[in-house]
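Examination of the molecular architecture
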Amino acid sequence: MESVNTPTGDDALKTAKRLIKETIPKRKKIITASIVCMVGVSVFTAALAYTTKLIVNDVFVAKDAGAAIEVAIIVIFVSFSKSLFHYGNAVLQTVLNRSISSFYQKEAFQKTLRREISFFNGKHASDHMAQIRLYGMAAGQAVTAICSRFLTEVLTLVALFVVMFLQDTLMTLYSIVIIPIIFGLVSFLSRKIRKVAKEETDLSGHYFAAGSEALAGVRTVKSYNLERKSIEKFNSSVDALEDRIFGISKVTAATHPIMEFLGGLVLGVFVIYAAWQTITYGKTPGEFTAFITAFLLAYQPASKISKLWVELQKSLTQSFFMFRLIDTKPKSVSCGNKSLQSGNGSVNFSDVSFGYENDEVSIDKVSFHLEPGDKVAIVGKSGAGKSTLVDLILGFYSPTDGMIEIGSMDISSISPMNLKNHIAFISQDVFLFDDTIEENIKDGFASASHEEIIAAVKSAQVDGFAEDFPLGLQTRVGANGSNLSGGQKQRVAIARGLLKRASIYIFDEATSALDVENEREIMTALLETLKNETVIFVTHRPALFEYVDKVLMLEKGRVVGFDEPSKIDKTSTEFRELFGVLQ
């Protein structure tokens, strides 16, 4: 189980450094253009504040109509230039944000998909997708905040302080005194927001999971009158997410009133000071007008900086967990570099035991041997260990004891990619991509020729229903094959498996949705096609026994029978209890 500890300030700093190191060097052009725009925004914002001195002194105090036109032109030019640079900066921020977000979303998805099978147990697919989406967005927002938004406001603030300093040094220094106060308050808020940022990711996953499972299983929901339960579950997840977002908003929004109060405090003192300077020392109103304008304009970037800093903690927290996901190496039973010989589909279990985390032993000292070309049925009650046995053959898990050999080689010494290429798995829970029938079949072997595809189509009897569609094999199957019936989906899955050219074929109740006639025709075609391949059927149906050489009977994770179909009902009591005496 992954730790969910809240990252510290040091963790956030390391995450920020890594984000910048991994993203900025690859995007130098965008960053360079953005810096030019940032400098432009800050310079012309400061210039706009300074023009108020010209307006007051050169126009209103001097009452010079000619100067009024000149100053007006300057103000219009400065405002236009500031707007132009601000627009360019905003566009570049969006480009930078999306570029980084999409990069890390792709990276997180790739790493997630390559994780071991146990990583996905007990967690809804929507949780993973919500996590990937939020992590990528957080990374983009963090880099954009640090390298563009934050820097823009800092440069603008510095430029305005220069204008303030040129008008009145003493009041500028007094204004700077409040910076440590702001920093202390923002640090306090940052610690609070890091604690709640991780929860937002988890709650977003629950939100997507609650909604998608109700819609995906809408037939079950409606047939069992589960609308109310599904709605209540979704509403509960929405309310929980809303409460967490509200909590984050309360912390983030606190920066604004704090800045308002501190800004008003400085401004109130300055009004008294300005009046004293004007009356006693005869300073011009334009100087103080420029100072006040610069100060008021400086308030906006100062407020944004404090708010950005707090929001940045949320993005860095989620980015921290993103990097932990990306950096975690998948556990694999097959981590060698050897390759299996083509056509060698032998399977050997020697005293193999396995148990899931915090669970009883699922497979207990199992031993059996299959020669290349053997056809075997694995049977047993629900929970007997059939699916676990298949997962061990597929390399999804590593045995806790004993040895598994595929093709006379220790499974741990075989290259993961090579192992997958030599085993075809056809499950009763057929998954099809939202693509054409032909493209789904080609997933078995992407470079297959048209003739090979047609041969697989005929063996699995896909042509029997595909011909009824106007587009034939080019018909789109819909999301997870929603446009096809259960039997049609299974036939597509069988064709996909046949096209793979594997040495070992595993059919896990792969014909359960077919009628007896279609099943018999497909089984006959399968055995004709897979004469030399090892075929394993996981089944509850005794009708399949006529197609196999042996039956492997499992009971509570142990082998309690392994014999020919005609003999096992005499040698295994457990088999007779489950299937009776075979005729």
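1. Things to note about the overall build of the protein
A count of helices and strands for the protein gives 19 helices and ten strands. Each of the 583 residues in the protein was classed as buried or not, and the buried ones make up 46%. Within the protein, contacts between residues at least 6 apart in sequence are counted, and of these 78% link residues at least 24 apart. Of the accessible surface of the protein, which amounts to about 29,600 Å², a share of 60% is contributed by carbon and sulfur atoms.

2. Here we look at the sheet that holds strand S8 (residues 534–538)
With respect to topology, six strands assemble into an open sheet ordered S6-S7-S8-S3-S9-S10, the strand pairing being mixed. Of all the strands in the sheet, the pair left with one neighbour each is strand S6 (423–427) and strand S10 (558–563). Within this sheet the neighbouring strands show an average axis-to-axis angle of 15°, counted without direction. Where strand S7 (residues 504–508) lies against S8, five bridges are found, and the strand directions are parallel.

3. A word on the nonpolar core
Ile437, Ile441, Val462, Tyr505 and Phe507 are the most contacted members of the largest nonpolar core, which totals 45 residues. By size, the runner-up hydrophobic cluster in this structure holds 31 residues, among which are Phe368, Leu394, Tyr397 and Ile406.

4. As for the pattern of salt bridges
On inspection of all chains with the given rule, the structure shows nine salt bridges. For Asp364, the salt bridge goes to Arg558, with nearest N and O atoms at 2.9 Å. Remark: Arg558 occurs in strand S10 and Asp364 occurs in strand S2 (residues 361–370); sequence separation between them is 194 residues. Three or more residues are tied together by salt bridges with common partners; here these are Arg18, Glu22 and Asp327.

5. Considering a nonpolar patch on the surface
Together, Ile35, Val39, Val43 and Leu151 give the surface a local cluster of nonpolar side chains, amounting to about 280 Å² of exposed area. No other element matches helix H2 (residues 28–61), which puts three residues into the nonpolar patch. Inspection of the secondary structure puts Val39 in helix H2.

6. Considering the pairing of strand S9 (residues 550–555)
Here is the key point about a regular strand: its side chains alternate between the two faces of the sheet. Of all six residues that make up S9, five are buried, and the element is covered over most of its length. Relative to S10, S9 is paired through five bridges, and the arrangement is antiparallel. In the sheet register, Met553 faces S10, and the bridge partner there is Gly561. Where S9 folds back on S10, the antiparallel hairpin that results is connected by two residues, among which Lys556 adopts a positive phi of roughly 50°.

7. Examining unusual backbone geometry
Positioned with a positive phi, Asp351 is a non-glycine residue whose angle comes to about 50°. Its relative accessible area of 48% is what places Asp351 among the partly exposed residues. Positive phi is not limited to glycine here, since Lys365 has a value of about 50°. Note on placement: Lys365 falls in strand S2.

8. Considering the sheet that holds strand S5 (residues 409–410)
Read across the open sheet, the four strands follow the order S2-S1-S4-S5; overall the sheet is antiparallel. Each end of this open sheet is capped by a strand with a single partner; those strands are S2 and S5. As judged from the six bridges shared by strand S1 (residues 347–355) and S2, these two strands associate in the antiparallel manner. Paired with Asn348 across the strands is His369, a residue of S2.

9. Some details on empty space enclosed by the protein
To find leftover empty space, a probe the size of one water molecule is rolled over the atoms. All told, the structure shown has two cavities of 30 Å³ or more when counted by the stated rule. Here the largest cavity defines a volume of roughly 50 Å³.

10. Thoughts on the packing of helix H14 (residues 450–459) against helix H16 (residues 486–499)
Relative orientation of the contacting elements H14 and H16 amounts to 135°, with a least axis distance of 8 Å. Taken together, the axes of H14 and H16 are oblique relative to one another. Here the hand of the crossing between H14 and H16 comes out right-handed. Along its contact with H14, which presents Glu452, Ile453, Ala456, Val457 and Ser459, the element H16 presents Ala495, Leu498 and Leu499. Its residues assigned to classes, the contact of H14 with H16 shows six nonpolar, one polar and one charged.

11. Let's talk about helix H11 (residues 386–393)
Within H11, seven of the eight residues are buried, which leaves the element mostly enclosed by the surrounding structure. Looking only at H11, the buried set comprises Lys386, Thr388, Leu389, Val390, Asp391, Leu392 and Ile393. Positioned one or two residues after H11, Gly395 has a phi angle of 85°, which is positive.

12. Section: the side chain of His422
As for its placement among the helices and strands, His422 is situated in the loop between helix H12 (416–421) and S6. Residue classification places His422 among the buried positions, given a relative accessible area of 12%. Within the structure, His422 has its side chain in polar contact with the backbone oxygen of Asn418 (distance 3.0 Å).

13. Details of the environment of Ser81
With respect to the helices and strands, Ser81 occurs in helix H3 (residues 65–113). Considering only alpha carbons, one finds Ser81 and Val43, 38 residues apart in sequence, at a separation of 9.7 Å.

14. Observations regarding the packing of aromatic side chains
Applying the stated criterion to the full structure yields 15 aromatic pairs. A centroid spacing of 5.3 Å and a plane angle of 90° characterise the contact between Tyr356 and Tyr397, whose relative ring orientation is edge-to-face. With Tyr356 in the loop between S1 and S2 and Tyr397 in the loop between H11 and strand S4 (401–406), the pair connects residues that are 41 residues apart, well separated along the chain. Classification of Tyr356 by relative accessible area gives partly exposed; the value is 24%. Each residue in the set Phe44, Phe77 and Phe85 is aromatic and connected to the rest through ring pairs, giving one cluster. The ring of Phe103 is capped by Arg27, whose NZ or CZ atom sits 5.8 Å from the centre of that ring. Between the NZ or CZ atom of Arg115 and the centre of the ring of Phe119, over which it lies, the distance is 4.0 Å.

15. Here we look at the pairing of S4
Where S1 and S4 come together, five bridges link them in antiparallel fashion. In the sheet register, Asn348 faces S4, and the bridge partner there is Glu405. Bridge analysis of S4 against S5 gives two bridges, and the strand direction is antiparallel. Paired with Glu405 across the two strands is Asp410, which belongs to S5. The turn linking S4 back onto S5 is made up of two residues, and Gly407 within it adopts a positive phi angle of 60°.

Conventions and cut-offs
Each residue is numbered by its place in its chain's sequence as written, counting from 1. In view of the model being predicted, local features appear only for residues whose pLDDT reaches at least 70, and side-chain atom pairs are presented and counted only at 80 or more, with totals across whole chains, interfaces and linings using the full set of residues. Computation of side-chain values: all heavy atoms of the structure, hydrogens and water removed. In DSSP terms, a helix is any run of H or I states spanning at least four residues, a strand is any run of E spanning at least two, and both are numbered starting from the N terminus. Type-normalised accessible area, obtained with a 1.4 Å probe on protein chains alone, sets the label of each residue: buried when under 20%, exposed when over 50%, and partly exposed for intermediate values. Contact between two residues is taken to exist if any of their heavy atoms lie within 4.5 Å; hydrogens are not considered. Residue-level accessible areas treat just the shown protein chains as cover; the underlying method is Shrake-Rupley with a 1.4 Å probe. Strands pair, by our definition, only if DSSP identifies at least two bridges between them. Every angle, taken between N-to-C directions, lies between 0 and 180 degrees, and every axis is a line fitted to C-alpha atoms, over only the stretch in contact when it is a helix. Put simply, buried Ala, Val, Leu, Ile, Met, Phe, Trp, Tyr and Cys residues joined by side-chain atoms within 4.5 Å make one nonpolar core. A pairing counts as a salt bridge when a side-chain nitrogen of Lys or Arg comes within 4 Å of a carboxyl oxygen of Asp or Glu. Patch members must show over 30% relative accessible area and no salt bridge, and they are joined within 9 Å when carrying like charges or within 5 Å when they are nonpolar side chains of Val, Leu, Ile, Met, Phe, Trp or Tyr. In this analysis the probe radius is 1.4 Å and the grid spacing 1 Å, with only protein atoms considered; a cavity is a set of points the probe fits into but cannot get out of, a pocket is an open set with protein on both sides within 12 Å along at least five of seven lines, and lining residues have an atom within 4 Å of a point. Grid points are joined across faces, edges and corners, and a volume is the space filled by probe spheres set on the points. For this classification, under 35 degrees means roughly parallel, over 145 means roughly antiparallel, 65 to 115 means roughly perpendicular, and everything else is oblique. Take the far helix as your reference; a near helix turned counterclockwise from it by less than a right angle gives a left-handed crossing, and one turned clockwise gives a right-handed crossing. Polarity classes work like this: nonpolar for Ala, Val, Leu, Ile, Met, Phe, Trp, Tyr, Cys and Pro, charged for Asp, Glu, Lys and Arg, and polar for all others, with Gly in that last group. Polar contacts, as counted here, are pairs of nitrogen or oxygen atoms within 3.5 Å of one another; within protein the pair requires one atom able to donate a hydrogen and one able to accept it, and residues that are adjacent in sequence qualify only if both atoms are side-chain atoms. Side-chain rings of Phe, Tyr and Trp (the six-membered ring for Trp) are treated as a pair once their centres are within 6.5 Å; stacked means planes under 30 degrees apart, edge-to-face means over 60, and tilted covers the remaining angles. Only Lys NZ and Arg CZ are tested; either one counts as a charge over a ring when it is within 6 Å of the ring centre and within 35 degrees of the ring normal.

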